[in-house]
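A look at the structure
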Amino acid sequence: MPYEFGNSNIKVTNADTDDSVRLREIALEANIDAWTAADYSEEIGRIDSIVLKAESSNGEILGFLVARIVPSNSAGQDAELYNIAVRPALQRSGVGGLLIADLFQRLRIDEVNCVWLEVRASNSNAINFYSKYGFTNVSVRRNFYSDPTEDAVTMGFAFPALPTVTEM
Ligand SMILES: CC(C)(COP(=O)(O)OP(=O)(O)OC[C@H]1O[C@@H](n2cnc3c(N)ncnc32)[C@H](O)[C@@H]1OP(=O)(O)O)[C@@H](O)C(=O)NCCC(=O)NCCS
C-alpha cells in the first residue's frame, strides 16, 4: 500500500523471492540475526507467511519484516513476528511503523487475535519501537539467544475483539 513519507512515497508490498538477497543484506546492515537468502526465499514461498518490504518510489528496499500466521493456543489464529529491519540511515523515521501498520491491516483481515515476538533483552531501541506500536511485555525467556547468550523478552499485541454479528 502507498504511504506519504516526507517528500517521497513509500510503498509496502509483499516481497518477491527475487528480493531475498537484498533482505539478507538489510538484516546484516541492521545487525539482527540474519537469515540466509535461501531461508528468506523459502519463507516468501510459504502460504502461512507474510514477508513485507517497504520500497521507495525508485524501487529501493528500505526495510522489511517477516511474520507467520500460527494456530492460537486458545481458539482461532495468532501471528508471530520473526524479523523486522530498516536500513540504518533511515531508522527512526517511520519506515518500521509503516511496515507494522501494513502487517496489522493484513492480520486484521485474516481475523488474527494476537501477535507475538521475541526480542533480545538488550535491544532497547526495538523494545521501545514495539511498545510505541502497542506491544506489551509478556514474559522473559532466560538464555533464549546464543552468540551472545541473552534473555529474550516476549512481547504481545492483542487486537480488540471483533463485534459478534447476531442474526435477526
Ligand atoms: C526496530 C526498527 C525496525 C524500527 O524501525 P524504525 O523505522 O526505526 O521505527 P519508527 O521510525 O517507525 O519508530 C521509531 C520508534 O522506534 C524506537 N526507536 C527506533 N530506533 C531507535 C533508536 N535508534 N533509538 C531509540 N529509539 C528508537 C523509538 O521508540 C522510536 O520512537 P520515537 O522516535 O518517537 O522515540 C529499526 O530501528 C531497526 O531496523 N533496528 C535494528 C534491527 C532490530 O533491532 N530489529 C528488531 C529485532 S528483529
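Our subject is the structure listed above.
The following paragraphs examine the structure supplied in this document. (Residues numbered from 1 in each chain as written. Predicted model: local features only at pLDDT ≥ 70, side-chain atom pairs only at ≥ 80, totals over all residues. Heavy atoms only, no water.)

Some remarks on the site of the ligand
As a matter of local geometry, the ligand sits amid 20 residues, with Val86, Arg92, Gly94, Gly96 and Asn123 nearest to it. Measuring from an oxygen atom of the ligand, one finds a backbone N or O atom of Ser93 at 3.1 Å. Note that a nitrogen atom of the ligand is positioned 3.1 Å from one of the side-chain N or O atoms of Asn125. Summarising the interface, the protein chains cover 81% of the accessible area of the ligand, which totals 900 Å² for the free molecule. Every element with two or more residues in the shell around the ligand is listed here: strand S5 (77-86), helix H3 (95-109) and helix H4 (124-132). Per-element tally for the shell around the ligand: the top contributor is H4, with six residues. For the shell around the ligand, a count of residues per class yields 10 nonpolar, eight polar and two charged. (Near = heavy atom within 4 Å. Polar contact = N/O pair within 3.5 Å; in protein donor to acceptor, adjacent residues only side chain to side chain. Areas by Shrake-Rupley, 256 points an atom, 1.4 Å probe, with all protein chains shown as cover. Helix = DSSP H or I, 4+ residues; strand = E, 2+ residues; numbered from the N terminus. Nonpolar A, V, L, I, M, F, W, Y, C, P; charged D, E, K, R; others polar.)

What to know about the side chain of Thr154
Structurally, the position occupied by Thr154 is in strand S8 (residues 150-158). Residues within four places of Thr154 in sequence aside, it is in contact with Trp116, Leu117, Glu118, Thr136, Asn137, Val138, Ser139 and Arg141. (Contact = heavy atoms within 4.5 Å.)

Quick word on the packing of aromatic side chains
Within this structure, the stated rule accounts for 12 aromatic pairs. Between Trp35 and Tyr40 the ring centres are 5.3 Å apart and the planes differ by 15°, which places this aromatic pair in the stacked class. An aromatic cluster is built from Phe104, Phe129, Tyr130, Tyr133, Phe135, Phe157 and Phe159, whose rings are joined through pairwise contacts. (Phe/Tyr/Trp six-rings, centres within 6.5 Å; stacked < 30°, edge-to-face > 60°.)

Quick word on unusual backbone geometry
Between Asp147 and the following residue, Pro148, the backbone shows a cis peptide bond with an omega angle of 0°. The phi angle at Asn31 is positive, at roughly 65°, despite the residue not being glycine. Structurally, the position occupied by Asn31 is in the loop between helix H1 (20-29) and helix H2 (37-45). The backbone of Glu111 sits at a positive phi, close to 55°, despite the residue not being glycine. Here Glu111 shows up in the loop between H3 and strand S6 (112-120). When its relative accessible area of 53% is taken as the criterion, Glu111 is described as exposed. (Buried < 20%, exposed > 50% of the residue type's maximum accessible area, 1.4 Å probe, protein only.)

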